[in-house]
Amino acid sequence: LSASDEAFLQKVLGSDDAYVEHYGPLAFVDACASSLVYAKRLMHAGVAAGVLCLQFRLDDELPSIFQVLLNDGRGSATVLALLDTQLRVIGSSDALQLPVGWHLDLGSADTAGVVRHMGREYLLCPRRGQVFEC
């Protein structure tokens, strides 16, 4: 295992949380691509016996999530996007307005409000995931 994989698995093994969330590359999943992974420590007789990891490929999952949230997107001017901690788009309901990989220069994305980007106004509603730093 790589050092970052080992650190992630140790974090999971030491956690009493319902799950540990990670977005990014993990060598034991796919070293070349970022994945969304939810992991849970498995216990047997009071001892950690393993780790269950569920991997989600955002490229596969986000279009259907966006479709549900936008009510099929018919006539909607709404654009949904998912950003990483560096404010890069990792998923978007409109790849022409907010393409994957695009960096949004929003200053601080900690507060909700209207922001301007490329001549358009967007309502920013930040929600933080569980952050895990390797």
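Quick caveat, the model's predicted, so the values are computed rather than measured.

Undergrad: Quick question: what am I supposed to make of the side chain of S92 here?
TA: Note that S92 resides in strand β5 (residues 89–92). One polar contact links the side chain of S92 to the main-chain carbonyl oxygen of D94, over a distance of 3.0 Å. At 2.9 Å, the side chain of S92 forms a polar contact with the backbone oxygen of L98. Here S92 is in contact with F66, V79, L80, A81 and L98, once residues within four sequence places are set aside.

Undergrad: What should I look at first to understand the sheet that holds strand β2 (residues 31–44) in this one?
TA: Strand pairing in a sheet relies on backbone hydrogen bonds. The paired strands run either parallel or antiparallel. One open sheet holds the three strands; their spatial order is β1-β2-β3, and the pairing between them is antiparallel. Pairing within the sheet leaves two strands with one partner each, and these edge strands are β1 (20–26) and β3 (47–56). Across the sheet, the axes of successive neighbouring strands diverge by a mean angle of 35°, strand direction being ignored. Alignment of β2 against β3, held across nine bridges, turns out to be antiparallel. When the bridges of β3 are listed, L42 appears paired with G50.

Undergrad: Would you mind showing me how to read the pattern of salt bridges here?
TA: Side chains that carry opposite charge are capable of pairing whenever their charged atoms lie near each other. If you walk through the whole model with that rule in mind, you get one salt bridge. Residue D16 is joined to R41 by a salt bridge in which the shortest nitrogen-to-oxygen separation is 2.5 Å. Of the two residues, D16 is situated in the loop between α1 (3–13) and β1 and R41 in strand β2; the sequence distance between them amounts to 25 residues.

Thresholds applied
Residues numbered from 1 in each chain as written. Predicted model: local features only at pLDDT ≥ 70, side-chain atom pairs only at ≥ 80, totals over all residues. Heavy atoms only, no water. Helix = DSSP H or I, 4+ residues; strand = E, 2+ residues; numbered from the N terminus. Polar contact = N/O pair within 3.5 Å; in protein donor to acceptor, adjacent residues only side chain to side chain. Contact = heavy atoms within 4.5 Å. Pairing = 2+ DSSP bridges. Axes fitted to C-alpha atoms, helices over the stretch in contact; angles between N-to-C directions. Salt bridge = Lys/Arg side-chain N within 4 Å of Asp/Glu carboxyl O.

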